[in-house]
Amino acid sequence: QGTVSNVFNRPGLVSDQLRERVEEAARSLGYRGPDPRGRLLRAGRVNAIGVVTVGPLNCFFDDQYTRLFLSGVARACEARGAGISLVSAVDDEIAAWNIRTALVDGFILNCLNEGNMLVELAKKRGLPFVAVDFPVGPGFDVVRIDDYRGARDAAQHLLDLGHRHFAVFTFETEKEVRVGFVDDVRAERASFEVVRRRLSGYRDAFRAAGLPPQPVFETGSEFDGVRTGVDAVLAANPDTTAFVCASDRVALQVIAYLQSLGRKVPEDYSVVGFDDIEEAASSNPPLTTIHQPAIGKGEAAVELILGDKPDGAGGRVVELPIELVNGASTAPPRKG
């Protein structure tokens, strides 16, 4: 067994003559080499991390922010010689099966709503996991940013420019998108922590400036929802001068639609985003946004799983810095 193992795994340790004899015997028996599953069982380690999304697998590639996050995961895994397993949890049945059967050393739970069953499934597996951007209670590792402060900074930037009539556009507040205006009850009950904190930051900035509540519209992340939102907001409040968007993807779609209507950004309307995806800097005009280190989030999550763990590790919180990127999509409000 040891000789065969050396031939397939460490051929430099055996002579050419012996290696040829073993390989010839293997061919005659139809033996293709040691089963990696047996090696994994003996080692007790797979050397791979499962990255979980609540959407279908294409979400990892279609969403610009998620691509950056996954790039950070890949960089950190590659530096440690580890691999990545992409895990879809698009519904509870699929989630249960994928979490129970995934051959990984730990999970990164990305962009999940509070109380999601995936947390319980990950706990039952007994593997380490890291929650990204949502709370899982004491004793568990989390990577996050201060979404509240980022949103408040974005709104304050527009307030400082002199804007007083806003529309807030958010991606989905629940797993199922409902395109339409969002009242306070729906905003406060949003199952996504990121949405709740960003909407709270916008609202508090407006309140501190002495403004009445500003309209909030749930667009989802698709262009049709954004177009519906722009039309609805401008019909309800023609005095609107600024769009505050909870993601760059939504913000860029708002700009594209306004431009299709013959409106200019920022001369007619200011638009601010959140995330600082790659397309933000190359858009026309370049987008004013809140930069968050999406790549750094992925790297930090991997380190919490694969890095050295101090005694009693657990409940570690890594909060990464954010900052306003002042692009060219915001300016003082139009006159008249």
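Cut-offs used in this document
Note that residues are indexed from 1 along each chain, following the sequence as it is written. Where local features are concerned, this predicted model is filtered to residues with pLDDT of at least 70; where side-chain atom pairs are given and counted, the filter is 80 or more; whole-chain, interface and lining totals use all residues. Where side-chain values are given, they derive from all heavy atoms of the structure, hydrogens and water being excluded. Strand pairing is defined by DSSP finding a minimum of two bridges between the two strands. In this text, helices come from DSSP runs of H or I with a minimum length of four residues, and strands from runs of E with a minimum of two, each type numbered from the N-terminal end. Contact between two residues is taken to exist if any of their heavy atoms lie within 4.5 Å; hydrogens are not considered. Only the stretch in contact is used when a helix axis is fitted, and all axes are lines through C-alpha atoms; the angle between N-to-C directions ranges over 0 to 180 degrees. An angle below 35 degrees is treated as roughly parallel, one above 145 as roughly antiparallel, one from 65 to 115 as roughly perpendicular, and anything else as oblique. Two helices cross in a left-handed way if the nearer one is turned anticlockwise from the farther one by less than a right angle. They cross in a right-handed way if the turn is clockwise. For this analysis, a salt bridge means a side-chain nitrogen from Lys or Arg found within 4 Å of a carboxyl oxygen belonging to Asp or Glu. Pairing of aromatic side chains requires ring centres within 6.5 Å, counting the rings of Phe and Tyr and the six-membered ring of Trp. Pairs whose planes differ by under 30 degrees are stacked, by over 60 edge-to-face, and all others tilted. The buried label applies to any residue whose accessible area, calculated with a 1.4 Å probe on protein chains only, is under 20% of its type's maximum; exposed applies above 50%, and partly exposed to all values in between. As a reminder, the over-ring test applies to NZ of lysine and CZ of arginine, requiring each to be within 6 Å of the ring centre and within 35 degrees of the ring normal.

### Quick notes on the sheet that holds strand S10 (residues 270-272)
Read from one edge to the other, the open sheet built from five strands follows the order S7-S8-S6-S9-S10, with strand pairing classed as mixed. Looking along the sheet, the strands with just one partner apiece sit at the ends: strand S7 (180-181) and S10. Across two bridges, the pairing between S7 and strand S8 (residues 216-218) is antiparallel. Counterpart to Gly180 in the pairing with S8 is Glu218. Where helix H10 (residues 193-208) meets the sheet, it contacts strand S6 (166-170), S8 and strand S9 (242-245), and its direction lies at approximately 170° from that of S6.

### Here's the deal with the packing of helix H5 (residues 64-79) against helix H14 (residues 294-306)
With their axes 7 Å apart at the nearest point, H5 and H14 run at an angle of 40° to one another. As summarised for this structure, H5 and H14 are arranged oblique, according to the angle between their axes. With respect to the hand of their crossing, H5 and H14 are arranged in right-handed fashion. Residue-level contacts link Tyr65, Leu68, Phe69, Gly72, Val73, Arg75, Ala76 and Cys77 of H5 to Ala294, Ile295, Lys297, Gly298, Glu299, Val302 and Glu303 of H14.

### Some remarks on the pattern of salt bridges
Two side chains of opposite charge can pair, provided their charged atoms sit close to one another. Scanning the model with the defined rule gives 18 salt bridges in all. The partner of Arg19 in a salt bridge is Asp16, and the shortest N-O contact between them spans 3.0 Å. One end of the pair is Arg19 and the other is Asp16, both in helix H2 (residues 16-29) and three residues apart, which spans about a single turn. Residue Arg316 pairs with Asp141 through a salt bridge whose shortest N-O separation is 2.8 Å. Of the two residues, Arg316 sits in the loop between H14 and strand S12 (317-319) while Asp141 sits in strand S5 (residues 141-144), which places them 175 residues apart along the sequence.

### Considerations on the packing of aromatic side chains
Throughout the structure, instances matching the rule amount to seven aromatic pairs. Seen in terms of ring centroids, Phe169 and Phe217 are 5.9 Å apart; in terms of plane orientation they differ by 45°. Their pairing is tilted. Within this pair, whereas Phe169 is found in strand S6, its partner Phe217 is found in strand S8, the two being separated by 48 residues in sequence. Across this residue pair, the class does not change: Phe169 and Phe217 are buried. When the ring of Phe169 is compared with that of Phe243, the centres are 5.4 Å apart and the planes differ by 70°; the resulting orientation is edge-to-face. Of this pair, Phe169 sits in strand S6 while Phe243 sits in strand S9; the two residues are 74 residues apart in sequence, bridging distant segments of the chain. Overall, Phe243 belongs to the buried group, its relative accessible area being 0%. Over the aromatic face of Phe274 sits the side chain of Arg198, whose NZ or CZ is 3.7 Å from the ring centroid.

Scope: geometric values only; no functional claims are made or implied.
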